[in-house]
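# Geometric and topological summary
For reference, the chains in residue letters:
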Amino acid sequence: GLAAAAAPAESCVWLIDFHGYSLMKDSNPRTAVMAGRLLAHYPERLGRAVILDAPRFFSATWVAVSKVVNTTTAAKVMFARTDDGSFDTELGTWAGGPLKQWLLAEIAENRLKQYQHGEKEYWSASADVSAHDPRALAAFAASPEFALVLTHRVVAGPAAGAAAGAGQANGD
């Protein structure tokens, strides 16, 4: 009851990888609109926004934009690069060993040439059990909570999501 209501809201980290970004082909205003809506409807859920390998002019643009953004939100935005060590340092502030390794593997895999046009199936585990699992960390993918996420329900079908939700409602 009351103890659950007093628990702080969880926060999330947005990791936005601009590797291969092109202003001419990748500019979609809907992305900015969606980010604005998420921030407006879920205040204080943003724990950190990491802008990875953005073109250099993004930082200059951010200096101007940050003046009109809530100061608490603006302080959560970090520009980082994979080529100067700043991303590794940033990861060390919030990602423990397994999560950090999973993120680095996910970023490396996403940057492979064969995945540059949306071919990656994020919802499917690799048939090779020793390979990187794009769905989640191994510990989370094996947990009962994983049955509640959309990634699991897409593969397992609607009945799996309903069953998991019923288990959650019953305190299982």
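A brief structural summary. Please read these numbers as outputs of a predicted model, since none were measured by experiment.

Okay, the environment of Ser11 next. Its place among the elements puts Ser11 in the loop between helix H1 (2–6) and strand E1 (12–17). Owing to a relative accessible area of 52%, Ser11 belongs among the exposed residues under this scheme. Residues Ser11 and Arg45, 34 residues apart in the sequence, show an inter-C-alpha distance of 4.3 Å.

The next thing to look at is the nonpolar core. Ranked by size, the top nonpolar core spans nine residues in total: Val50, Leu52, Ala80, Phe87, Leu91, Ala95, Trp102, Leu103 and Ile107. Elements with a minimum of two residues in this core: strand E2 (46–52), helix H6 (86–94) and helix H7 (97–110). Sequence-distant contacts of Val50, defined by excluding residues within four places in its chain, comprise Val13, Trp14, Leu15, Ile16, Met78, Ala80, Phe87, Glu90 and Trp94. Membership of the second largest hydrophobic core comes to seven residues, among which are Leu46, Ile51, Ala54 and Phe58.

Looking now at H6. Those residues of H6 lying buried are Phe87, Glu90 and Leu91. All buried residues of H6 fall inside an arc of 100° around its axis, so they share one side. Residues Thr89, Gly92 and Thr93 are exposed on H6 and point more than 90 degrees away from its buried face. On its buried side, H6 packs onto E1, E2, strand E3 (77–80) and H7.

The next subject is the sheet that holds E3. Taken in spatial order, the three strands make up an open sheet running E1-E2-E3, and their pairing is parallel. Since the sheet does not close on itself, it has two edges, and those belong to E1 and E3, each with one partner. Strand-to-strand, the axes of this sheet are offset by a mean angle of 20°, without reference to chain direction.

This next bit is on the environment of Ile107. Mapped onto the secondary structure, Ile107 falls in helix H7. Placed 27 residues apart in sequence, Ile107 and Pro134 show a C-alpha to C-alpha distance of 9.9 Å. Residue contacts for Ile107: discarding those within four places in its chain leaves Leu15, Asp17, Leu52 and Phe87.

Moving on, we come to unusual backbone geometry. You will see that Asp53, though not glycine, has its phi angle at about 50°, which is positive. In this fold, Asp53 is placed in the loop between E2 and helix H4 (57–65).

It is worth spelling out a nonpolar patch on the surface at this point. Together, Met34, Leu38 and Tyr42 make up an exposed nonpolar region whose accessible area comes to about 300 Å². Relative to the helices and strands, Leu38 is located in helix H3 (residues 29–41). Residue classification places Leu38 among the partly exposed positions, given a relative accessible area of 34%.

Procedures and definitions
- Residues numbered from 1 in each chain as written.
- Predicted model: local features only at pLDDT ≥ 70, side-chain atom pairs only at ≥ 80, totals over all residues.
- Heavy atoms only, no water.
- Helix = DSSP H or I, 4+ residues; strand = E, 2+ residues; numbered from the N terminus.
- Buried < 20%, exposed > 50% of the residue type's maximum accessible area, 1.4 Å probe, protein only.
- Core = buried A, V, L, I, M, F, W, Y, C linked by side-chain atoms within 4.5 Å.
- Contact = heavy atoms within 4.5 Å.
- Arc of directions from axis to C-beta.
- Pairing = 2+ DSSP bridges.
- Axes fitted to C-alpha atoms, helices over the stretch in contact; angles between N-to-C directions.
- Patch = residues over 30% accessible without salt bridge, like charges linked within 9 Å, V, L, I, M, F, W, Y side chains within 5 Å.
- Areas by Shrake-Rupley, 256 points an atom, 1.4 Å probe, with all protein chains shown as cover.
- Salt bridge = Lys/Arg side-chain N within 4 Å of Asp/Glu carboxyl O.

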